Amino acid sequence: MSSVPISQLLKEASDLRLEPLAGGERGTARRIASTRIQKPGLALVGHDVGLHSERLAVFGNTEMSFVRSLDHEGLERAAETLFGRGVAALVITKSFDPPPVFVKAANDAGICILGTPLLSGAFITRVTAFLEDALAPSTSLHGVLIDVLGVGVLILGKSGIGKSEAALDLVRRGHRLVADDIVDIKRLRRLLFGQGSELIRHHMEIRGIGIINIKDLFGVGAVRERKKIEMVIELVDWDPHVQYDRLGVEDHTFEILDITVPELTIPVRPGRNITTLIEVAARNHLLKLQGHHSALEFQEQLNRAIAEAGFAQAITADEVE
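Residues numbered from 1 in each chain as written. Predicted model: local features only at pLDDT ≥ 70, side-chain atom pairs only at ≥ 80, totals over all residues. Heavy atoms only, no water.

**Q** How would you explain the sheet that holds strand β2 (residues 19-22) if you had to name every residue and give the values?
**A** Remark on secondary structure: sheet strands pair via backbone hydrogen bonds, oriented parallel or antiparallel. Ordered in space as β2-β7-β6-β5-β4, the five strands form an open sheet in which the pairing is mixed. Lying at the two open borders of the sheet, with one neighbouring strand each, are β2 and β4 (37-38). With four bridges connecting them, strand β6 (residues 89-92) and strand β7 (residues 112-115) associate as parallel partners. Note that in β7 the partner of I92 across the bridge is G115. Running over the sheet, helix α6 (residues 120-134) touches β4, β5 (56-59) and β6 and is turned about 165 degrees from β5. (Pairing = 2+ DSSP bridges. Helix = DSSP H or I, 4+ residues; strand = E, 2+ residues; numbered from the N terminus. Contact = heavy atoms within 4.5 Å. Axes fitted to C-alpha atoms, helices over the stretch in contact; angles between N-to-C directions.)

Encoded structure:
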């Protein structure tokens, strides 16, 4: 199960404006394993049902107003319930200061108390978006992801078949590189998004030339950080004994993280312009999204023509009789 340490939240989610107030290193090592945020108001009166150790707890104006009304015994009971149960961390919004009893209990339990000047609503919206991205199901594939006419095309194929060369030619034609060699893929809200790993982002390996930086060579307009994957194209060696799809009537799919994506298989051999074929495939995909399926429309026209020809022959035969 995916999880995010509190230290990653502090390091990468700068828009949350979080500041550690208690918990120390033990607290920052604790992990969040759920995108759901809890506002455990009942924990302040000793009711621990509904507290989850894998979730963030958030105290806002209402909770802190109630905390300020508690006597010392009430504060100790609330602290024991909240931090004894073991929430992932407690975030206090609007820059409220936690009571010393909470600070001591958090330090003893090794659970972070984090402060932020944000309002509770704004904080919950931002942290939920961050956690949805960080905890999303993910995988990596060997291939190239490129934005062709706004369509995220994932190019797959064995090593050395020409994936990077085709992508480089597409970049020269004005399309945008997302990732080369290793494509990191995440599933977000039933959609697939791909990006390059941080170490090799914007770089491409071209045999005979070496490593090149697409952003430096072609400018910032030639790259993008992330793109939704909308179709998969697999490059394969041409095999004269294989019957390849010539009409395109049947739609094939490729499954990634339990989501199916339209797939095309393009055989590679000398004389075939793979770049043009990929570009045309992207254009044809856009037509399909608009309700125009060229292969099916052609098949329907052909069926009508055959039916009309058969009808005409039948009439002629009747007239002869």
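**Q** Go over a nonpolar patch on the surface, please, and point to the residues and values.
**A** Side chains of L247, F298, L302 and I306 sit close together on the surface and give an oily, nonpolar patch of about 420 Å² of accessible area. With respect to the helices and strands, L247 occurs in the loop between β15 (231-237) and β16 (252-256). (Patch = residues over 30% accessible without salt bridge, like charges linked within 9 Å, V, L, I, M, F, W, Y side chains within 5 Å. Areas by Shrake-Rupley, 256 points an atom, 1.4 Å probe, with all protein chains shown as cover. Salt bridge = Lys/Arg side-chain N within 4 Å of Asp/Glu carboxyl O.)

**Q** Explain the environment of V220 to me, and be specific about the residues and the numbers.
**A** With respect to the helices, strands and loops of the structure, V220 is situated in the loop between α8 (214-218) and β14 (226-228). Using a relative accessible area of 60% as the deciding quantity, one classes V220 as exposed. V220 sits 18 residues away from H202 along the chain, and the two C-alpha atoms are 9.6 Å apart. (Buried < 20%, exposed > 50% of the residue type's maximum accessible area, 1.4 Å probe, protein only.)

**Q** Any details on α6? Residues and values, ideally.
**A** The terminal C-alpha atoms of α6 lie 21 Å apart, and with 15 residues this matches the ideal 21 Å at 1.5 Å per residue to within 8%. By the burial criterion, the buried members of α6 are S120, F123, V127, F130 and L131. Each buried residue of α6 lies within a common arc of 105 degrees when the element is viewed along its axis, so the set occupies one face. On its buried face, α6 sits against β1 (4-5), α1 (6-12), β3 (31-32), β4, β5 and β6. (Expected span 1.5 Å × (residues − 1). Arc of directions from axis to C-beta.)

**Q** Describe helix α4 (residues 72-85), listing the residues and the values that go with them.
**A** Here α4 contains 14 residues, and its C-alpha end-to-end distance of 20 Å stays within 8% of the 20 Å for a straight helix at 1.5 Å per residue. When α4 is considered as a whole, its buried residues turn out to be G74, L75, A78, A79, T81, L82 and F83. Close packing links the buried residues of α4 with β5, α3 (61-69), β6, α5 (100-109) and β7. Of the residues flanking the end of α4, it is G86, one or two places downstream, whose phi is positive at about 90 degrees.

**Q** An account of the nonpolar core is needed here, citing residue identities and associated values.
**A** Membership of the largest hydrophobic core comes to 28 residues, with the highest contact counts inside it found for I146, V153, M204, I214, I233, L235 and I278. When residues in this core are grouped by element, the largest group, five residues, is from helix α7 (residues 163-172). Ignoring anything within four residues of it in the chain, the contact list for L235 reads I155, L156, G157, K158, I161, G162, K163, I266, V268 and I274. One finds M64, F83, F102 and I111 within the second-largest nonpolar core, a separate group that totals 24 residues. (Core = buried A, V, L, I, M, F, W, Y, C linked by side-chain atoms within 4.5 Å.)

**Q** Describe in detail the packing of α4 against α5, supporting the description with residues and values.
**A** At a closest axis distance of 9 Å, the pairing of α4 and α5 adopts a crossing angle of 30 degrees. One element, α4, and the other, α5, form an angle in the roughly parallel class. In this structure, α4 meets α5 at a crossing whose hand is right-handed. Between α4, through H72, L75, E76, A78, A79, L82 and F83, and α5, the contact on the second element is made entirely by V101, F102, A105, A106 and A109. (Parallel < 35°, antiparallel > 145°, perpendicular 65-115°, else oblique. Left-handed = near helix turned anticlockwise from the far one by under 90°.)

**Q** Give a detailed account of the side chain of T275, specifying residues and quantitative values.
**A** Within the secondary structure layout, T275 lies in helix α9 (residues 274-289). For T275, a relative accessible area of 5% gives the class buried. Within the structure, T275 has its side chain in polar contact with the side chain of D169 (distance 3.0 Å). Apart from residues no more than four positions distant in its own chain, T275 is found in contact with A166, D169, L170 and R173. (Polar contact = N/O pair within 3.5 Å; in protein donor to acceptor, adjacent residues only side chain to side chain.)

**Q** Explain the packing of α7 against α9 residue by residue, including any values.
**A** Between α7 and α9, whose axes approach to 9 Å, the crossing angle comes to 70 degrees. Judged by the inter-axis angle, α7 sits roughly perpendicular to α9. Crossing hand, α7 versus α9: right-handed. Here A166, D169 and L170 of α7 lie close against α9, whose contacting residues are I274, T275, I278 and E279. Counted by class, the contact of α7 with α9 contains four nonpolar, one polar and two charged residues. (Nonpolar A, V, L, I, M, F, W, Y, C, P; charged D, E, K, R; others polar.)

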